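Coordinate inspection notes
The chain contents come next:
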Amino acid sequence: MNNRTIPNSLSDFKRYLIEQDRSERTVQAYLSDLSKFVAWFEQVNGQPFDPPTLTAIDAREYRAHLIDMKAAPATINRLLATLRSFGESTVQAGYWVANPINAIRGVDEQPHAPKWL
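None of these values were measured; they are calculated from a predicted model. (Residues numbered from 1 in each chain as written. Predicted model: local features only at pLDDT ≥ 70, side-chain atom pairs only at ≥ 80, totals over all residues. Heavy atoms only, no water.)

Let's talk about helix 4 (residues 73–92)
Spanning 20 residues, helix 4 covers 28 Å between terminal C-alpha atoms, matching the ideal 28 Å at 1.5 Å per step. Inspection of helix 4 places Ile76, Asn77, Leu79, Leu80, Thr82, Leu83, Ser85, Phe86, Gly87, Ser89 and Thr90 among the buried residues, and these make up the whole buried set. Its buried side turned inward, helix 4 meets helix 1 (10–19), helix 2 (24–45) and helix 3 (56–68). Directly beyond the C-terminal end of helix 4, a positive phi value near 90 degrees is found at Gly94. (Helix = DSSP H or I, 4+ residues; strand = E, 2+ residues; numbered from the N terminus. Expected span 1.5 Å × (residues − 1). Buried < 20%, exposed > 50% of the residue type's maximum accessible area, 1.4 Å probe, protein only. Contact = heavy atoms within 4.5 Å.)

See below:
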């Protein structure tokens, strides 16, 4: 581990998103999504969330949890996009060489049926 600052709070992640020129709406959505993940992580693991220890296994288990909860595929994919972005923020901070969340595939979305008059 190097001496760079690791984004370990919502304010650090928010700063990263703003630096990436994300819209205010996207920033708020990603912060909300990350808060949901952190709550799930802490409930499942019985310990505080420590961002540097986030693994692909955590993201895979979270995806499985969301599927079990019958979340919409678009919602699951957005939540995974949030985790990928969070992972990228830790890469940029110099903690990881590669983002482990990038290995997690999204959920296939069903095409909408055509709308007829």
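Next comes the rest of the write-up.
Concerning the confidence of the model for the protein chain
On average, the protein chain scores 86 in pLDDT, and the residues at 70 or more come to 87%. For the protein chain, per-element mean pLDDT is lowest for helix 1, which scores 90, and highest for helix 3, which scores 95. Overall, residues 1–7 carries pLDDT values under 50, and its contacts beyond four positions in sequence, including any with other chains, amount to 19 contacts. (pLDDT = per-residue confidence, 0-100.)

Considering unusual backbone geometry
Residues other than glycine predominantly adopt negative phi, and peptide bonds predominantly adopt the trans conformation. The backbone of Asp21 sits at a positive phi, close to 60 degrees, despite the residue not being glycine. Residue class for Asp21 comes out exposed when judged on its relative accessible area of 69%. In this structure, Lys70 is a non-glycine residue whose phi angle is positive, near 65 degrees. Mapped onto the secondary structure, Lys70 falls in the loop between helix 3 and helix 4. Using a relative accessible area of 73% as the deciding quantity, one classes Lys70 as exposed.

Looking at helix 1
Turning to helix 1, its buried residues are Asp12, Phe13, Tyr16 and Leu17. Relative to the axis of helix 1, the buried residues are bounded by an arc of 135 degrees and lie together on one face. The inward-facing, buried residues of helix 1 abut helix 2 and helix 4. (Arc of directions from axis to C-beta.)

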